[in-house]
Protein chains: 2
Amino acid sequence: MEFNVLILGSNSALPAHGRHPSAQLINIHDQFYLMDCGEGTQMQLDRYDAKKSRIECVFISHLHGDHYFGLFGLLTTYNLMQRTQPLKVFGPLGLKKMIATVIHGTGNELKYELEIVELDFEDGAQLIFEDREARVVAFPLQHRIPTYGFIFEEKKVRVKLDGRLLDQHKVPEGMREDIRAGKDFTDENGKRYPASYFQLEQITPGRYAYCSDTRYFEKLADYVKGVDLFYHEATFLDSEKERAEKTLHATARQAAETAKNAEVGRLLLGHFSSRYKSLNDFSKEAKSVFPHTYLAVEGDVFSID
Amino acid sequence: MEFNVLILGSNSALPAHGRHPSAQLINIHDQFYLMDCGEGTQMQLDRYDAKKSRIECVFISHLHGDHYFGLFGLLTTYNLMQRTQPLKVFGPLGLKKMIATVIHGTGNELKYELEIVELDFEDGAQLIFEDREARVVAFPLQHRIPTYGFIFEEKKVRVKLDGRLLDQHKVPEGMREDIRAGKDFTDENGKRYPASYFQLEQITPGRYAYCSDTRYFEKLADYVKGVDLFYHEATFLDSEKERAEKTLHATARQAAETAKNAEVGRLLLGHFSSRYKSLNDFSKEAKSVFPHTYLAVEGDVFSID
């Protein structure tokens, strides 16, 4: 019953300093979602031993190349891997035409069902996706072209079990999910224990927000209010605030301001400009406003619990 | 006065086993040409310290994604690098529409001049490009969609100089090109030496042929007759000959047969299927027909002289 985020790409605009364009793999109880898909995402998935075949849905924040140029390769690779499982791709208006032009231009027809859902709204948050394990809500960001932020939310309450008691009563691995769900356990001597005996605490459903690219705007804090983990672009340091304003990007300090106003659990910074080789100052700058700040380092996994 | 080929990608269809989709950087006397541009080519150029800004021309063999999905990222990166030098891209019919759709879809207009030349002929070889240092000839291959092979040819005769004599007479580095071109040299004592005194031998212009993807066909040997270095796809081993025929690809043995019939200098095999982790058998199979066979290993540089 994991809920975590694997960082696949953390650089803005172009690959540099060993950092790749934007992409993240989100795992909610073994359902996998790809958030953005910059060039080379399929290689990054391989590098970190992520099973790309299990991705059920792809979410594209906006149609700047560093957020989706890897999509064409991934869709084609699925074809070559004989994928039969349908794939859903969410993204802004224009994505359909682009995929049609490029994929048809390759002379290939996809052998699996590809459903492209174009987002086209300018205000408010909308529930755009729901499966057994998760809900995904989208809301508009403020960038040079239509861009959406996303909140990934667990649907089920998770129950933590007491590992010491499980071992003591030799509860088989395969029965633990049942106990979590409230089923009693009978040990090898026939003695029966209520599920509550093993249950430590109930964990409220976790929420993860992804916001990139965007300029600073106050309403964003309302959209992401109280999420457990908050990924926010930090293309620049505050010393380049003017450049951030001009290009509709944000600084580390601004990301931290939003995190503070939204009272999130932890802040995760990414989408770093190539002008910065070292990222130490991003951490320092944001922490001075919001202490629970982390850098999106590629290969790192952030758990939501 | 170098003429060489840097291998950037050698795998077919999708990245696997640490191998990348097709791309090569061709250097003819410090003029740089990119041959195919699979996903991740810009990262591969960085990895091997190749100056991507100096690429003058890109040649796309055909519109299967593993040969051009990296082009969108490269064109966008040039914009971000403030490129002003014009760029020429040659490729089959359809490339123009694809670039227009994707690049415009990114919300960016390119700030440098991009000239796209679409190839659209079914027979014979055509001179498609010429600059100070090189000529490029294209000819049709036989694949599932329109595909072209290319010959890169030096225009100038190269002259090899006698390094021992140059050192003995203290000829400055900056004057060696003049001596190659036939200019006399006067030493520090005022003594004059004719250029021919230093000239060892004249090297006839080198030719490099790139052929991928293609099925085996006899006429190909005529197109590439006598080239110094011959890159030919070897997607499969001969044990998968039927699969090669079905998909209009070639085997290592077939590549070697063409190399032998064309009396080329050396054969370079690439575009290996992901089904093969080890490539030893490709080398063995081809060498049994054509001994001067090499494998296109990424990062390796092959000189033509």
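Reading the values: rules and limits
- Residues numbered from 1 in each chain as written.
- Chains lettered and ligands numbered in written order.
- Predicted model: local features only at pLDDT ≥ 70, side-chain atom pairs only at ≥ 80, totals over all residues.
- Helix = DSSP H or I, 4+ residues; strand = E, 2+ residues; numbered from the N terminus.
- Rg over C-alpha atoms; globule rule 2.2 N^0.38 Å.
- Buried ≥ 20, exposed ≤ 12 C-beta atoms within 10 Å, placed from the backbone.
- Contact = placed C-beta atoms within 7 Å.
- Pairing = 2+ DSSP bridges.
- Axes fitted to C-alpha atoms, helices over the stretch in contact; angles between N-to-C directions.
- Domains from an automatic or database assignment.
- pLDDT = per-residue confidence, 0-100.
- Least-squares fit on C-alpha atoms with pLDDT ≥ 70 in both.
- Core = buried A, V, L, I, M, F, W, Y, C linked by C-beta atoms within 7 Å.
- Nonpolar A, V, L, I, M, F, W, Y, C, P; charged D, E, K, R; others polar.
- Left-handed = near helix turned anticlockwise from the far one by under 90°.

**A few points about the overall build of chain A**
A tally of regular secondary structure across chain A gives ten helices and 18 strands. Whereas a compact globule of 305 residues would reach a radius of gyration of roughly 19 Å, chain A reaches 21 Å, a difference of no more than 12%. Across its three principal directions, the C-alpha atoms of chain A cover 70 × 55 × 35 Å. For chain A, the proportion of its 305 residues judged to be buried stands at 47%. Sequence separation of at least 24 residues holds for 62% of the intrachain contacts in chain A that already meet a minimum separation of 6.

**Thoughts on the sheet that holds strand β1 (residues 3–9) of chain A**
Residues and elements named next belong to chain A. In spatial order, the strands read β6-β5-β4-β3-β2-β1-β18; together these seven strands make up an open sheet with mixed pairing. Unpaired on one side and paired on the other, β6 (114–119) and β18 (301–303) mark the two borders of the sheet. Neighbour-to-neighbour, the strand axes of this sheet turn through a mean angle of 20°, independent of strand direction. Relative to strand β4 (residues 55–59), strand β3 (residues 31–37) runs parallel, the two being bridged by four bridges. Within the sheet, the bridge partner assigned to Met35 lies in β4 and is Phe59.

**As for the domain arrangement of chain A**
Domain annotation for chain A reports domain 1 (3–157 + 204–303) and domain 2 (159–201). Here the C-alpha centroids of domain 1 of chain A and domain 2 of chain A sit 38 Å apart.

**Topic: the pairing of strand β13 (residues 199–203) of chain A**
All names here are of chain A. Counting buried residues in β13 gives zero out of five residues, a small share hidden from the surface. Bridge count between strand β10 (residues 158–161) and β13: four bridges; the pairing is antiparallel. Bridge pairing in β13 links Arg158 to Ile203.

**A closer look at the confidence of the model for chain A**
Mean pLDDT over chain A works out to 95, with 99% of the residues at or above the 70 mark. Across the whole predicted complex the pTM is 0.89, and at the interface the ipTM reaches 0.88.

**Comments concerning the pairing of strand β8 (residues 134–140) of chain A**
Residues and elements named next belong to chain A. A large share of β8 lies buried, amounting to five of its seven residues. Note that strand β7 (residues 126–130) and β8 share four bridges and pair antiparallel. For Leu127, the partnering residue across the bridge sits in β8 and is Val137. With antiparallel pairing between neighbouring strands as the criterion, β7 and β8 make up a hairpin whose turn holds three residues. Bridging between β8 and strand β9 (residues 148–154) involves seven bridges; their strand directions are antiparallel. For Val137, the partnering residue across the bridge sits in β9 and is Ile151.

**Notes on the relation of the copies chain B and chain A**
Mapping chain B onto chain A is achieved by rotating through 180° and translating by 0.0 Å along the same axis, at an RMSD of 0.2 Å. Taken together, the turn and the small shift mark the pair as related by a two-fold rotation axis. Closest approach to the rotation axis among the C-alpha atoms of chain B is made by B:Gly40, whose C-alpha sits 2.7 Å away. The overlap is high: 100% of the interface residues of chain B also sit at the interface in chain A, so the same surface is used on both sides.

**Thoughts on the nonpolar core**
Grouped together as the largest cluster of nonpolar side chains are 154 residues, with contacts concentrated most on A:Tyr208, A:Val224, A:Phe230, A:Leu267, B:Val224, B:Phe230 and B:Leu267. The contact partners of A:Val224, leaving out residues within four places of it in the chain, are A:Ile151, A:Ala209, A:Cys211, A:Phe230, A:Ala262 and A:Val264.

**Side note on the interface of chain B and chain A**
Each partner contributes residues to the interface: chain B has 28 residues there, and chain A has 28 residues. At the level of elements, α1 (41–47), α2 (71–80) and α3 (95–105) of chain B are the ones that each hand at least two residues to the side of chain B that touches chain A. Looking at the side of chain B that touches chain A residue by residue, the classes come out as eleven nonpolar, 13 polar and four charged.

**Some remarks on the sheet that holds strand β14 (residues 207–211) of chain B**
Residue and element names in this part refer to chain B. Read across the sheet, seven strands follow the order β7-β8-β9-β14-β15-β16-β17 without closing on themselves; strand pairing throughout is mixed. The sheet is open, and its two edges are formed by β7 (126–130) and β17 (293–295), each paired on a single side. Geometrically, the sheet is characterised by an average inter-axis angle of 20° between neighbouring strands, direction not taken into account. Strand direction decides the pairing type here: strand β15 (residues 229–233) and strand β16 (residues 266–270), joined by five bridges, are parallel. Its bridge partner lying in β16, Phe230 is registered against Leu267. Together, β15, β16 and β17 form the strand contacts of helix α8 (residues 252–262), whose direction differs from that of β15 by roughly 150°.

**A few points about helix α9 (residues 252–262) of chain A**
All names here are of chain A. Within α9, nine of the eleven residues are buried, leaving the element largely enclosed by the surrounding structure. Among the residues of α9, those classed as buried are Ala252, Arg253, Gln254, Ala255, Ala256, Glu257, Thr258, Ala259 and Ala262. The inward-facing, buried residues of α9 abut α7 (220–223), β15 (229–233), β16 (266–270), α10 (280–287) and β17 (293–295). Positive backbone phi, at 50°, marks Glu263, one or two positions downstream of α9.

**Some thoughts on the packing of α8(B) against helix α9 (residues 280–287) of chain B**
To describe two helices that pack against each other, one gives the angle between their axes and the distance between the axes. Residue and element names in this part refer to chain B. Remark: α8 packs on α9, axes separated minimally by 8 Å, with the N-to-C direction vectors making an angle of 40°. As α8 packs across α9, the resulting crossing turns out to be right-handed. Two secondary-structure elements touch here, α8 through Ala252, Arg253, Ala255 and Ala256 and α9 through Phe282, Glu285 and Ala286.

**Describing helix α2 (residues 71–80) of chain A**
Residue and element names in this part refer to chain A. Most of α2 is tucked away, with eight of its ten residues classed as buried. Listed as buried for α2 are Leu71, Phe72, Gly73, Leu74, Leu75, Thr76, Thr77 and Tyr78. Immediately downstream of α2, the backbone of Gln82 shows phi near 60°, a positive value.

**A look at the environment of A:Val136**
Residue and element names in this part refer to chain A. Here Val136 is to be found in strand β8. Residue class for Val136 comes out buried when judged on the 23 C-beta atoms lying within 10 Å of it. Once the C-alpha coordinates of Val136 and Lys260 are considered, the two residues, 124 residues apart in sequence, prove to be 23 Å apart. Among all residues touching Val136, those that are not within four sequence positions of it are Phe59, Ile128, Phe129, Phe150, Ile151 and Phe152.

**Focus: the environment of A:His62**
All names here are of chain A. Relative to the helices and strands, His62 is located in the loop between β4 and α2. Residue His62 is classed as buried on the basis of its 25 C-beta neighbours within 10 Å. In the structure, His62 is positioned 231 residues away from Thr293 in sequence and 25 Å away in space, judged by C-alpha atoms.

**Digging into unusual backbone geometry**
Residue and element names in this part refer to chain A. Here the residue pair Ser212 and Asp213 is connected by a cis peptide bond, since its omega of 0° sits within 30 degrees of zero. Its location among the elements puts Asp213 in the loop between β14 (207–211) and α7. Phi is positive for Asp49, close to 55°, though the residue is something other than glycine. With respect to the secondary-structure elements, Asp49 resides in the loop between α1 (41–47) and β4.

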